[in-house]
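This is what each chain is made of:
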Amino acid sequence: MVGLPCSGKTTLACKLEKKYSALRLTPDEWHIRLFGQDMVEKEHDARHDLVESLLWDVAARVLSIGADVILDFGFWGRSERDDFRSRAAELGADFKIHYLNVPEEILLKRLAKRNTQLPQYAFPLTEDMLKEWIQSFEPPFQEELE
């Protein structure tokens, strides 16, 4: 899954997991269960990296036995997408990007709604955070989507 917060990644991932009988791995769900709402703590990013690393270990095992996995990580940068594409290839697994290209205006509207009804396993985010992430996001090139 590739996209920014509030683009609908987890919603689509949930639909795909049912359609393909796949294992969906969404880091925020695991992170919040393990560490709580720690977004303001200095350890947050290191913890999140650890969660994603552990989820990849689970994904690699599931892929190695021939089942499908949906990594609901966001994959904001091309280098990260290339890395995971290589990891999947090493396991003999296919790699497909589901990119949710949502305009900033809609992301901000969804963020406002999300923060008033925060889902159980989601972090509250500010508009400033989202705007900063929009600037650093690297949308996939066409050849990545083919």
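Shown above is the structure to which this text applies.
What comes next is a walk through the structure.

Procedures and definitions
Residues numbered from 1 in each chain as written. Predicted model: local features only at pLDDT ≥ 70, side-chain atom pairs only at ≥ 80, totals over all residues. Heavy atoms only, no water. Helix = DSSP H or I, 4+ residues; strand = E, 2+ residues; numbered from the N terminus. Rg over C-alpha atoms; globule rule 2.2 N^0.38 Å. Buried < 20%, exposed > 50% of the residue type's maximum accessible area, 1.4 Å probe, protein only. Areas by Shrake-Rupley, 256 points an atom, 1.4 Å probe, with all protein chains shown as cover. Salt bridge = Lys/Arg side-chain N within 4 Å of Asp/Glu carboxyl O. Core = buried A, V, L, I, M, F, W, Y, C linked by side-chain atoms within 4.5 Å. Contact = heavy atoms within 4.5 Å. Phe/Tyr/Trp six-rings, centres within 6.5 Å; stacked < 30°, edge-to-face > 60°. Lys NZ or Arg CZ within 6 Å of the ring centre and 35° of its normal.

**A look at the overall build of the protein chain**
Scanning the protein chain from N- to C-terminus turns up 7 helices and 2 strands. Overall, the protein chain shows an N-to-C arrangement of helices and strands of α-β-α-α-β-α-α-α-α. Taken over the C-alpha trace, the protein chain has a radius of gyration of 15 Å; the compact-globule value for 146 residues is 15 Å, and the two agree within 12%. Reported as C-alpha extents along the three principal axes, the dimensions of the protein chain are approximately 40 × 35 × 30 Å. Within the protein chain, buried positions represent 38% of all 146 residues. When the accessible surface of the protein chain is summed, it comes to about 8900 Å², and 51% of that surface belongs to carbon and sulfur atoms.

**Regarding the pattern of salt bridges**
All told, the structure shown has 13 salt bridges when counted by the stated rule. With a closest N to O distance of 2.9 Å, D38 and R47 form a salt bridge. We classify D38 as buried; its relative accessible area is 0%. The partly exposed category is assigned to R47, whose relative accessible area is 21%. For R78, the salt bridge is made with E143, and the minimal N-O distance between the two is 3.4 Å. One end of the pair, R78, is in helix α4 (residues 78-90); the other, E143, is in helix α7 (residues 142-145), and 65 residues separate them in sequence. You can call E143 partly exposed: its relative accessible area is 48%. Salt bridges linked by common partners bring R78, R81, D82, R85, E143 and E144 together as one network.

**Comments concerning the nonpolar core**
Generally speaking, a soluble globular protein has its nonpolar side chains buried in company with each other. Core analysis: the biggest nonpolar cluster contains 30 residues, and W56, V69, L71 and L107 have the highest contact counts within it. The set of elements that each furnish at least two residues to this core consists of α3 (44-64), β2 (69-71), α4, α5 (104-116) and α6 (127-136). For this core, the element with the highest residue contribution is α3, accounting for 7 residues. Discounting chain neighbours no more than four positions away, the residues touching L107 are L4, P5, C6, S7, V102, L130 and I134. Formed by 6 residues, the second largest nonpolar core is a distinct cluster that contains M1, A13, L16 and L100.

**Notes on the packing of aromatic side chains**
As enumerated under the stated definition, the model contains 6 aromatic pairs in all. Relative to F84, the ring of W56 lies with its centre 5.4 Å away and its plane at 85 degrees, an arrangement referred to as edge-to-face. Of the two residues, W56 sits in helix α3 while F84 sits in helix α4, which places them 28 residues apart along the sequence. The residues W56 and F84 share a single accessibility class, namely buried. For the ring pair W76 and W133, a centre distance of 5.3 Å and an interplane angle of 50 degrees mean the geometry is tilted. Placement of the pair is W76 in the loop between β2 and α4 and W133 in helix α6, with a sequence separation of 57 residues. If you follow R87 out to its NZ or CZ, it ends over the ring of F84, 4.2 Å from the centre.

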